[in-house]
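So the chains spell out like this:
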Amino acid sequence: MFIDVDFGGVVNETIRHICKYSQPTPIQRHAIPVLMGGRDLMACAQTGSGKTAAFCLPIISGMLKDVSKRSPEEVMYPLALILSPTRELCFQIYEEAKKFSYQTSLKVCIACGGEPKSLQLKSFESGLDILVATPGRLIDFCEASKVSLKMIKYMVIDEADRMLDMGFEPQIRKIVEHTENPRVGRRQTMLFSATLPKKVQTLALAFLSDHVFISVGRAGSSTHLIIQELMLVEDNEKPQRLKELLDYQIANGNLGKTALVLIFVATKRGANALECWLNSNGFSAVSLHGDKCQRERERALASFKMGLTPILVATDLASRGLDVAGIAQVVNYDLPRDIDTYVQRIGRTGRAGKRGLATSFFTSKNSCIAKALSELLKECHQDAPNWLYQYAKRYMSFRTADYLRISRGYEYSVST
Ligand code: AMP
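Residues numbered from 1 in each chain as written. Predicted model: local features only at pLDDT ≥ 70, side-chain atom pairs only at ≥ 80, totals over all residues. Heavy atoms only, no water.

Caption draft 1: Expanded view of the overall build of the protein chain. Along the protein chain, the regular secondary structure elements total 16 helices and 13 strands. Across the 416 residues that make up the protein chain, the buried fraction comes to 52%. When contacts within the protein chain are restricted to residue pairs at least 6 apart in sequence, long-range pairs at least 24 apart make up 72% of them. A total accessible area of about 19000 Å² is found for the protein chain, and carbon and sulfur atoms account for 53% of it. (Helix = DSSP H or I, 4+ residues; strand = E, 2+ residues; numbered from the N terminus. Buried < 20%, exposed > 50% of the residue type's maximum accessible area, 1.4 Å probe, protein only. Contact = heavy atoms within 4.5 Å. Areas by Shrake-Rupley, 256 points an atom, 1.4 Å probe, with all protein chains shown as cover.)

Caption draft 2: Region of interest: the site of the ligand. The ligand sits among 15 residues. The nearest are Tyr21, Gln23, Gly48, Gly50 and Thr52. Note that a nitrogen atom of the ligand is positioned 2.7 Å from one of the backbone N or O atoms of Gln23. Contact with the protein chains hides 82% of the accessible area of the ligand, taken as 500 Å² for the molecule alone. Its residues assigned to classes, the shell around the ligand shows 3 nonpolar, 8 polar and 4 charged. (Near = heavy atom within 4 Å. Polar contact = N/O pair within 3.5 Å; in protein donor to acceptor, adjacent residues only side chain to side chain. Nonpolar A, V, L, I, M, F, W, Y, C, P; charged D, E, K, R; others polar.)

Caption draft 3: Expanded view of the packing of aromatic side chains. Going through the model one piece at a time under the given rule, you end up with 8 aromatic pairs. Seen in terms of ring centroids, Phe362 and Trp387 are 5.2 Å apart; in terms of plane orientation they differ by 50°. Their pairing is tilted. With a gap of 25 residues between them, Phe362 in strand β13 (residues 356-362) and Trp387 in helix α16 (residues 386-407) connect regions that are remote in the sequence. Side by side, Phe362 and Trp387 carry an identical accessibility label, which is buried. Pairing Trp387 with Tyr391 gives two aromatic rings, centres 6.3 Å apart and planes at 85°, and the pair type is edge-to-face. Here Trp387 and its partner Tyr391 are both found in helix α16, 4 residues apart, which amounts to about one turn of the helix. A relative accessible area of 19% means that Trp387 is categorised as buried. Taken together, the ring pairs connect Phe362, Trp387 and Tyr391 into an aromatic cluster. (Phe/Tyr/Trp six-rings, centres within 6.5 Å; stacked < 30°, edge-to-face > 60°.)

Caption draft 4: Inspection of the pairing of strand β11 (residues 311-314) at higher detail. Residues Ile311 and Val313 line one face of β11 and the alternating positions Leu312 and Ala314 line the opposite face, and both faces are buried. Of the pairings in the sheet, the one linking strand β9 (residues 260-264) to β11 comprises 4 bridges and is parallel in character. Directly across from Ile263, in β11, lies its bridge partner Val313. Looking at chain direction, strand β10 (residues 285-288) and β11 are connected through 4 bridges and run parallel. Counted as the bridge partner of Ser287 is Val313 from β11. (Pairing = 2+ DSSP bridges.)

Caption draft 5: Representation of helix α6 (residues 135-143) in the model. Considered for burial, the residues of α6 that qualify are Pro135, Arg137, Leu138, Ile139 and Phe141. Close packing links the buried residues of α6 with β2 (80-83), β3 (108-111), α5 (117-124), β4 (130-133), α7 (160-165) and α8 (169-177). Directly after α6, the chain includes Ser145, whose backbone phi takes a positive value near 55°.

Caption draft 6: Molecular detail of the sheet that holds strand β5 (residues 154-157). Within the open sheet, the 7 strands sit side by side as β3-β4-β2-β5-β6-β1-β7. Their pairing is parallel. Both edges of this open sheet fall to β3 and β7 (212-215), since each of them pairs with a single strand only. Going from strand to strand, the sheet's axes swing by 15° on average, the running direction of each strand aside. Two strands pair when backbone bridges link them, and β3 and β4 are joined in this way by 4 bridges, in the parallel orientation. Within β4, the position partnered with Val108 by the bridge is Ile130. (Axes fitted to C-alpha atoms, helices over the stretch in contact; angles between N-to-C directions.)

Caption draft 7: Representation of the side chain of Ser367 in the model. As for its position among the elements, Ser367 is in the loop between β13 and α15 (370-379). In this structure Ser367 comes out as buried when scored by relative accessible area, which is 12%. Ignoring any residue separated from it by four or fewer positions in sequence, one finds Ser367 in contact with Phe362, Tyr391 and Tyr395.

Caption draft 8: Expanded view of the confidence of the model for the protein chain. Of all residues in the protein chain, 88% have pLDDT values of 70 or greater, and the mean over the chain is 85. Contacts from residues 218-222, a stretch scored under 50 in pLDDT, to residues over four places away or in other chains number 17 contacts. The model gives residues 402-416 a pLDDT under 50, and that stretch makes 11 contacts with residues more than four places away or in other chains. (pLDDT = per-residue confidence, 0-100.)

Caption draft 9: Region of the structure containing the side chain of Ser287. Within the fold, Ser287 resides in strand β10. A distance of 2.8 Å separates the side chain of Ser287 from the side chain of Glu275, its partner in a polar contact.

Caption draft 10: Examining the sheet that holds β13 more closely. Strand order in the open sheet made by the 6 strands is β8-β13-β12-β9-β11-β10, with parallel pairing throughout. Every other strand in the sheet has two partners, leaving β8 (226-232) and β10 as the edge strands with one partner each. Recorded for the sheet is a direction-independent mean angle of 20° between the axes of neighbouring strands. Packing of helix α11 (residues 268-280) onto the sheet brings it into contact with β9, β10 and β11, and relative to β10 it is tilted by some 175°. Packing against the sheet, helix α12 (residues 294-305) makes contact with β9, β10, β11 and β12 (327-332), and its axis sits at approximately 135° to β10.

Caption draft 11: Representation of helix α1 (residues 9-19) in the model. Among the residues of α1, Val11, Asn12, Thr14, Ile15 and Cys19 are the ones counted as buried. All buried residues of α1 fall inside an arc of 160° around its axis, so they share one side. (Arc of directions from axis to C-beta.)

Caption draft 12: Summary view of the pattern of salt bridges. With the rule as written, the count across this model stands at 23 salt bridges. The partner of Lys174 in a salt bridge is Glu143, and the shortest N-O contact between them spans 2.7 Å. Taken as a pair, Lys174 in helix α8 and Glu143 in helix α6 lie far apart in primary sequence, 31 residues in all. For Lys371, the salt bridge identified is with Glu375, shortest N-O distance 2.9 Å. Of the two residues, Lys371 and Glu375 both sit in helix α15, 4 residues apart, roughly one turn of that helix. (Salt bridge = Lys/Arg side-chain N within 4 Å of Asp/Glu carboxyl O.)

Shown next, in the form of structure tokens:
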């Protein structure tokens, strides 16, 4: 058996023959027994850790024991709700949930923005057991009485930190705390988050009952399968350094259909500019950012996934959590300001047991992340360059001087 747990005949078969999973991932090994035991769960795990299966399999297994008892009029009320921040993530979860419920009578549906409501509503007509949804579209449907959550038995809040960053807290509270919906303790609630900021912990306290907490490795940590590389550059050198890096990958057969490169930039304008620059310099690239319409985003992503354009230039907003197999290298063309985002980004490579490479261009403007980066590298048993420690030290003493200036009543004029 995939894990020492019996999910039920058909599901066991699916895991073995369709998914072909032989070993559980760490989050699966720890979370599945907890969830099969009916407990609430707060788990720190990022996309790529196998968390979708960790929550879907126990839900599907539990539901299979229940659905046979449902009366025909109840089939329009979902038993499981999986909330996710973006349409792309919803589709990923939807595809996985459909795969896991293969050959069962369970019906998985989707409710997310960017698609005509009528199509989604039509799909509910033949039954609705598991609903994967973004908060906004779900509230629209609930307010129009197209969906009711009053029978919800399983509730998953995925990428909780991301949802809060995107300002979804009022919507999540509205959904979870709506008077008609089963209260805490009368449903099984699972909260997944890559990082653990205070606001996520507050949410967990409000939504979970006597929960088990599981953290796989460091909160949001990169795995040891990712080699992290740092290059000290000037801003104006970045295009040339990127070209050298990509030329090297091509020369070594590491760029193509099965070896994709994901490049992170800070702004939408930067993403467009770099996409243009790459294409005019002989590289096949597409970009993904919030200014692109849904169809453009889908097209870009599909072309990247299939390796037709093996380079994707993306901003954080558009790309977080995406599960694309075969990303051989992540490039932080522009480093983020915080370490959690860095960890999220590099986690796009080195997935499902494969090795990955993360290369970051560091400029003097990135000093604020130097200390956290050096600590992370140490934690991952990787060497940090000496200059990184120097930037970290200089930044910290600069901050201290700054602090002294404020505490002595001088004008605060330094922006960090
Ligand atoms: P997730 O973190 O749910 O986005 O999963 C990342 C990828 O790992 C998906 O493509 C899953 O199909 C795959 N995966 C999940 N569990 C396992 C497993 N036990 N063995 C191998 N691959 C897995």
